[in-house]
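Here is what each chain is made of, one letter per residue.
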Amino acid sequence: MSRERADSQGSLGPDDEVMPYSDDETDDELDPGSDGEGPRVEESGWRVKANNRVFCNLPEFQKKYFLCLKKSKYAGNGIKTYKYNALTFIPLNLFEQFKRAANLYFLALLILQIIPEITTLPWYTTLVPLVLVLGITAIKDLVDDLARHRMDNEINNRKCEVLLGGRFQVSKWMNIHVGDVVRLKKNDHIPADILLLSSSNPNSLCYVETAELDGETNLKFKMGRKVTDERLQEEHQLAQFDAMIVCEEPNNRLDKFTGTMRWRKDRIPLDLDNMMLRGCRIRNTDECHGLVIFAGADTKIMRNGGKTRFKRTKIDELMNYMVYTIFVILVLLCAGLAIGNTFWYEEVGSKAWYLNDGKDQTASYRGFLSFWGYIIVLNTMVPISLYVSVEVIRLGQSKFINWDLQMYYQEKDTPAKARTTTLNEQLGQIEYIFSDKTGTLTQNIMAFKKCTIAGRTFGDPANVEGVRLDRGKPVDFTWNKYADRKFAYLDHSLVACIRSKKDKDVLEFFKLLSLCHTVMVEQKEDELVYQAASPDEGALVTAARNFGFVFLSRTQDTITISEMDQEMTYEMLALLDFNSDRKRMSIILRFPDGRIRLYCKGADTVIYERLSPNSRHKEVTQTALDIFANETLRTLCLCYKDISQQEFDAWAKKHKAASVAMGNREAALDRVYEQIESNLMMIGATAIEDKLQDGVPETIAKLAKADIKIWVLTGDKKETAENIGYSCKLLADDMQIHYGEDVNEKLRIRQANRRDQPPAFGRTRKKVPDPFFPEPGRNALIITGGWLNEILYEKKKKRRRLRLKRLGKRPVSATPQDAAQPIDDWEKETRQVDFVNMACECEAVICCRVTPKQKANVVSLVKKYKKAVTLSIGDGANDVNMIKTADIGVGISGQEGMQAVMSSDYAFAQFRYLERLLLVHGRWSYIRMCKFLRFFFFKNFAFTLVHFWYSFFSGFSAQVAYEDWFITLYNVMYSSLPVLLVGLLDQDVNDKLSRKFPKLYLPGQQGALFNYKNFFISLFHGIFTSLVIFFIPYGAFLQTMGQDGEAPSDYQSLAVVMASSLIFTVNLQISLETSYWTFVNCFAVLCSIAIYFGIMFDIHSAGIHVIFPSTFTFTGVASNALRQPYLWLTIILTVGISLLPVICIQFLYKTIWPSVGDNVQRNRKKYEMEEEEEKKSVPFQRGRRSRRSAYAFSHSRGYADLIASGRSIRRRPAIARPNPRDSIREIENI
């Protein structure tokens, strides 16, 4: 039985088996009039009138949504995720783009350039790059939004039958309204949250698949109310249905629905068992009818989606701050130059007659105009082309992820997909990964692996005689016509033992598995298909089926099986179902020969307490259980008990009395079950494997070496999650595991100590807090959702406060002794910080039985208090909130539908691909982006600051140092391609070495490759290069004489020499920065230089000057200047002096202070030739008893109530007993 724990107030601690929803409680539960059992639906404002669309549009249900405009509070069923339509695209997109500071800045520059008194550059120098940036971004946004339009249209245009005008008509999902009656058929998706009225199954039973809602692939059953089942089967009956539904307001709770149906003077209570939720799918039911209660955005699945957050990378934020820094530097420079212009005009300009421009302007006013002129001249310090280049690089990196064949899952034809193009470099900075368990780490497929029967263990590869083999062939089950072809087993001795029928214990073992369960059976195309309440139970019944004990059918009081081709029917006297407290289930059967026997299966912890002293094989079975647990298999003990008729009759009376008890019925039944489940005889135990996805342990180990912490957040039971933690090597035997109660106590002590300190000192948060685990060793934390609420002071105290309010009492404020309540918000926040610090001290954290909202809250806490880059990965709709909250969201396209994928930033089919996504694509993307940004800032500083130095020799007149067309084309044509290709293709080491040395990932986590230090290094590098590029040509031009006796020391020749030196310098500089050379990189560098000279000679030609004399004024300058050897020598000297310090510094760094990457790069050929040694498998040491019997803890309540009631069994005439297989109904093979 479960252990009771006391919290600091003496009340019982949270139940580890229950998933808390206190954080998701709706507003109606805060109603002081509530009795604590649920919302008072009679006073709720949510009313639905069947077959009446007009009702929802009545004035009383209207609400304002814009100014005085109103609309119905009932949402339509269409969904809208797109942002633009044909009319709003251009204005909205431009509005969004101009919210970006850089774009707005360049628009202001363009306006300034139109003013004649200020402009120093033609307007097209800004307009061309601005239009290019806006156009490319708009096209990208349009493509993304068109994809959203297609997705929305696909969902909204799905077909469904709706009752309109007295008959069912095919309608689109988006045209469905609240109050409509709909008809759904087998395999249909459920279009809205629907109240089940009737179905083609007995008692309006309807099976639904809820994989997209809760991640569970086993089917759930829903049931219509008896009154609707009897009266609403035909179309005309449904057309006359006019009930009023009064229920709770729309909310995000998947586990609760409360309402009342008023119809024909009856008031029928409604609960979740009567509701079919959007996102589910109809299974095993030919036809059903339902009433739409919530539609569209009001449905529970949409309410659970969380808000779509705009995600930005750390580099994006840093880049924006750096642009602001550049802007401040720009304003300071322009102000200084404007002041210089004022003084120069007063001292020189106003006194030189040849400088008189005829304008009557003061020196101060001229300085003011000069300020704006320099803003225009130096605007390239804030590079507009930076943003479009970043977008192009990100798009290319996303394509590389999409095209990566090593992340392609051939089995399901699923490639990796980058669903966003804005977060790639963030993949190289991940510090925390938050992972779902079921379907993400595991395949959500259970397989029967081993068993121990009467002291003998089976399951390892063995021949018919039982001799162990290194490699075994799968057993041939063709002798069994009922065998499941997908079932694989390697121990031939077990099959031989069964077929010989000599070992009675083995036969009894599999007979128990075929009889003691709550599985439902259906038949499809002459094949049996089992539907179990959990995958574990399905695996056990399937195993029995393959070994010759086949469950064929059941009625309300019989079970029919085939025992080695001999059909036998047993009378079911009682079914004692599983629950989380009992951790076992039993069935009492009357055999054909009249014997009464109880079969029981359950967790070893509860079975061993109930074994008879005369039971054999206890010790050897426990040894086998230890071995199974070491292999992280999910174990289950099987036992039996023979019961006399008198004993059963006495017990049956007690059972009947308990089953009709009005109060504490479940507790009464548990006590009666305890009486009969005693003195059991052990038969053996089973071992089931919850299959991990391929490569999960290796991936987790590799990511851990990259200093990435992995937290598992799952809705599964604690025991199951812990077992998987060991299976995937997230947990190890040398770890000290801390559970919820331990964590709560440590935090309570820390809080009490803080309260005891003086107020001023206590409220000062230490920069480096004291560790929670000072002792050496590795720690892990396993905490349930209930304890998470307890620790983080969530809303679990709501009902207590309401009760006190009704009793007229006021809640007592927290005191130093009342450590379970926060004094104020600061203390609550401090408690959260403490919890995050404690969790981050652990090497592994597993949060189990947590709700979707709790998953998101845990991610938010780490983001908020650790300022860490987070990644969430999951595969179900219950992971959507977590995926949206994290900096990066990854969806696994697996067993549980596509909700997670649709909300994710990246999607692929297997968890193991996460290693390649982060260590290869993420690291490369980060390195490339950082290198691109460093060089981009450098080349723009080197280019722009030449104007600054030139201003000292031009009277601070805002005269440009280059030709206008060179300024326009520098960032677009002359220097963009090489740096763009470095951002797209560069790699320091190849993908194999990136995965072999995870430590290469660390610089990204530390943000070491791009930060303010790197920014200022680029700034000073640019200042140095601009000094060299200006002053060496300037010095060379001071006393120059050409070969023809002419002095080419004019301004235009100087501009050409400086421009040529700059182009050579920046293109050779990027060549020095390139780590990975391809033909494309080489071509880009040479092509950029060639394009520069080609365009320069063209625009300096006489022909173009004749056509546009005012636009192209550098006629013949290039050909005249560049034929002088002296000037070529000047260019070579300038380039050489610019590059020499960089070459020396790089040599010293790589030689004296090499990084991990430098060492790997130096020895990469050696590493590439080495073959990786095969890892030796380390024997697994069993750590603790609690790691056993995961099946019993994880198993959910079965179909016992449904079976016992007979509601799942078709009504049959009582003429003669038909063949038991007649009860097998058609089922969809899922």
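From a predicted model like this one, the values you see are computed outputs, not experimental measurements. (Residues numbered from 1 in each chain as written. Predicted model: local features only at pLDDT ≥ 70, side-chain atom pairs only at ≥ 80, totals over all residues. Heavy atoms only, no water.)

### Re the overall build of the protein
Along the protein, the regular secondary structure elements total 42 helices and 36 strands. Sorting the 1230 residues of the protein into buried and exposed places 56% on the buried side. Restricting the contact set of the protein to residue pairs at least 6 apart, pairs at least 24 apart contribute 76%. A total of about 54300 Å² of accessible surface is found on the protein, and carbon and sulfur atoms cover 55% of it. (Helix = DSSP H or I, 4+ residues; strand = E, 2+ residues; numbered from the N terminus. Buried < 20%, exposed > 50% of the residue type's maximum accessible area, 1.4 Å probe, protein only. Contact = heavy atoms within 4.5 Å. Areas by Shrake-Rupley, 256 points an atom, 1.4 Å probe, with all protein chains shown as cover.)

### Some thoughts on the nonpolar core
With 103 residues, the main nonpolar core has F932, L933, Y962, F966 and L1062 as its most contacted residues. If you tally residues by element for this core, the top one is helix α28 (residues 913–951), at 17 residues. Contact partners of F932, with chain neighbours within four places excluded, come to L386, S389, V390, I393, V979 and G983. Formed by 55 residues, the second largest nonpolar core is a distinct cluster that contains L507, F510, V521 and F591. (Core = buried A, V, L, I, M, F, W, Y, C linked by side-chain atoms within 4.5 Å.)

### Brief notes about the UniProt feature "active site" (unreviewed entry) in the protein
The UniProt record annotates "active site" (unreviewed entry) at D436. Mapped onto the secondary structure, D436 falls in the loop between β17 (432–435) and β18 (442–453). Those residues in contact with D436, other than ones at most four positions away along the chain, are L441, L713, T714, K855, I873, G874, D875, D879 and M882. Polar side-chain contacts of D436 include one of 3.4 Å to the side chain of K855. (UniProt positions renumbered as here; feature names shortened; annotations may be inferred. Polar contact = N/O pair within 3.5 Å; in protein donor to acceptor, adjacent residues only side chain to side chain.)

### Description of the confidence of the model for the protein
Of the residues in the protein, 85% reach a pLDDT of 70 or more, and the chain-wide mean stands at 81. When mean pLDDT is taken per element in the protein, α28 scores highest with 94 and strand β36 (residues 1225–1226) scores lowest with 32. Predicted confidence for residues 22–44 stays below pLDDT 50, and this span has 58 contacts to residues more than four positions away or in other chains. Below pLDDT 50 for its whole length, residues 809–819 participates in 16 contacts with residues either more than four positions away or in separate chains. (pLDDT = per-residue confidence, 0-100.)

### Some thoughts on the environment of A138
As for its position among the elements, A138 is in helix α3 (residues 124–156). C-alpha separation for the pair A138 and Q97, spaced 41 residues apart in sequence, amounts to 8.5 Å. Excluding residues that lie within four positions of it along the chain, A138 makes contacts with F89, N93 and Q97.

### Quick word on the sheet that holds strand β22 (residues 549–554)
Spatially, the 9 strands line up as an open sheet ordered β19-β18-β28-β27-β26-β25-β24-β23-β22, and their pairing is antiparallel. The open sheet terminates on both sides in strands that have one partner only, identified here as β19 (456–458) and β22. Neighbour-to-neighbour, the strand axes of the sheet open up by a mean angle of 30°, direction not taken into account. Bridging between strand β25 (residues 584–590) and strand β26 (residues 596–602) involves 7 bridges; their strand directions are antiparallel. Bridged to S586 within β26 is C600. (Pairing = 2+ DSSP bridges. Axes fitted to C-alpha atoms, helices over the stretch in contact; angles between N-to-C directions.)

### Topic: the pairing of strand β32 (residues 844–848)
Most of β32 sits out of view: 5 of its 5 residues are buried. Alternating residues of β32 divide into A844, I846 and C848 and V845 and C847, and every residue in both groups is buried. Sheet topology note: the strand β29 (residues 709–713)/β32 ladder contains 4 bridges and is parallel. When the sheet's bridge partners are listed, L713 is paired in β32 with C847. Sheet topology places strand β31 (residues 778–784) next to β32; 5 bridges connect them, and they run parallel.

### Here we look at the environment of V960
Tracing the backbone shows V960 in the loop between α28 and α29 (964–974). C-alpha separation for the pair V960 and I376, spaced 584 residues apart in sequence, amounts to 10.0 Å. Excluding residues within four positions of it along the chain, V960 makes contact with T120, L121, V377, H947, Y950, I967 and Y1051.

### Quick notes on the pattern of salt bridges
Enumeration over the complete set of coordinates arrives at 40 salt bridges. The partner of R183 in a salt bridge is E161, with the nearest N and O atoms 2.7 Å apart. Of this pair, R183 sits in strand β6 (residues 181–185) while E161 sits in strand β4 (residues 159–164), placing them 22 residues apart in sequence. Just as R183 is buried, E161 falls in that class too. Measuring nitrogen to oxygen at the nearest pair gives 2.9 Å for the salt bridge that ties D460 to K450. (Salt bridge = Lys/Arg side-chain N within 4 Å of Asp/Glu carboxyl O.)

### Concerning unusual backbone geometry
A positive phi angle, close to 65°, is found at K265, a residue other than glycine. One can find K265 in the loop between β11 (259–263) and β12 (266–270). Judged by its relative accessible area of 89%, K265 falls in the exposed class. The phi torsion at A454 lies on the positive side, around 50°, for a residue other than glycine.

### Here's the deal with the environment of G455
Note that G455 resides in the loop between β18 and β19. Taking relative accessible area as the criterion, G455 reaches 28% and is therefore assigned partly exposed. Distance from G455 to I683, taken between C-alpha atoms, is 8.6 Å for residues 228 residues apart in sequence. Once residues within four sequence positions are removed from consideration, G455 is found in contact with H617 and V620.

### Some details on a nonpolar patch on the surface
A surface patch of nonpolar side chains, about 690 Å² in accessible area, is lined by I1145, F1147, L1148, Y1149, I1152 and W1153. Along the chain, I1152 turns up in helix α38 (residues 1125–1152). On the basis of relative accessibility, which here comes to 48%, the residue I1152 falls in the partly exposed class. (Patch = residues over 30% accessible without salt bridge, like charges linked within 9 Å, V, L, I, M, F, W, Y side chains within 5 Å.)

### Observations concerning the packing of helix α2 (residues 101–114) against α3
Relative orientation and spacing of two packed helices are given, respectively, by the angle between their axes and the distance between those axes. α3 packs onto α2 with a crossing angle of 150° between their chain directions and a minimal axis gap of 9 Å. One way to sum up the angle between α2 and α3 is to call them roughly antiparallel. As α2 runs across α3, the sense of the crossing is left-handed. Along its contact with α2, which presents N103, F106, L107, L109, L110 and Q113, the element α3 presents T125, T126, L127, L130, V133 and L134. Of the residues contributing to the contact of α2 with α3, the split by class is 8 nonpolar, 4 polar and no charged. (Parallel < 35°, antiparallel > 145°, perpendicular 65-115°, else oblique. Left-handed = near helix turned anticlockwise from the far one by under 90°. Nonpolar A, V, L, I, M, F, W, Y, C, P; charged D, E, K, R; others polar.)

### So, the packing of aromatic side chains
The final tally for this structure, using the stated rule, is 59 aromatic pairs. Taking 5.5 Å as the distance between ring centres and 50° as the angle between the ring planes, the aromatic pair formed by W46 and F294 counts as tilted. On the criterion of sequence distance, the pair formed by W46 in strand β1 (residues 46–49) and F294 in strand β15 (residues 287–294) is long-range, its members being 248 residues apart. Above the face of the W173 ring, R158 is positioned so that its terminal group lies 5.1 Å from the ring centre. Across from the ring centre of Y530, 5.2 Å away, lies the NZ or CZ of R545, which sits over that ring. (Phe/Tyr/Trp six-rings, centres within 6.5 Å; stacked < 30°, edge-to-face > 60°. Lys NZ or Arg CZ within 6 Å of the ring centre and 35° of its normal.)

### A word on the pairing of strand β24 (residues 566–576)
The pairing of strand β23 (residues 558–563) with β24 spans 6 bridges and is antiparallel. Pairing of T560 across the sheet is with T569, part of β24. The turn linking β23 back onto β24 is made up of 2 residues, and M564 within it adopts a positive phi angle of 50°. Direction of pairing for β24 relative to β25: antiparallel, over a ladder of 5 bridges. Along β25, the bridge assignment pairs M572 with L589.

### Comments concerning α29
Across the 11 residues that make up α29, a large majority, 8, are buried. Restricting attention to buried positions, one finds in α29 the residues W965, F966, I967, T968, L969, Y970, N971 and Y974. Among the structural elements, α3, α10 (385–403), α28, α30 (976–985), α34 (1051–1073) and α35 (1079–1099) are those in contact with the buried residues of α29.

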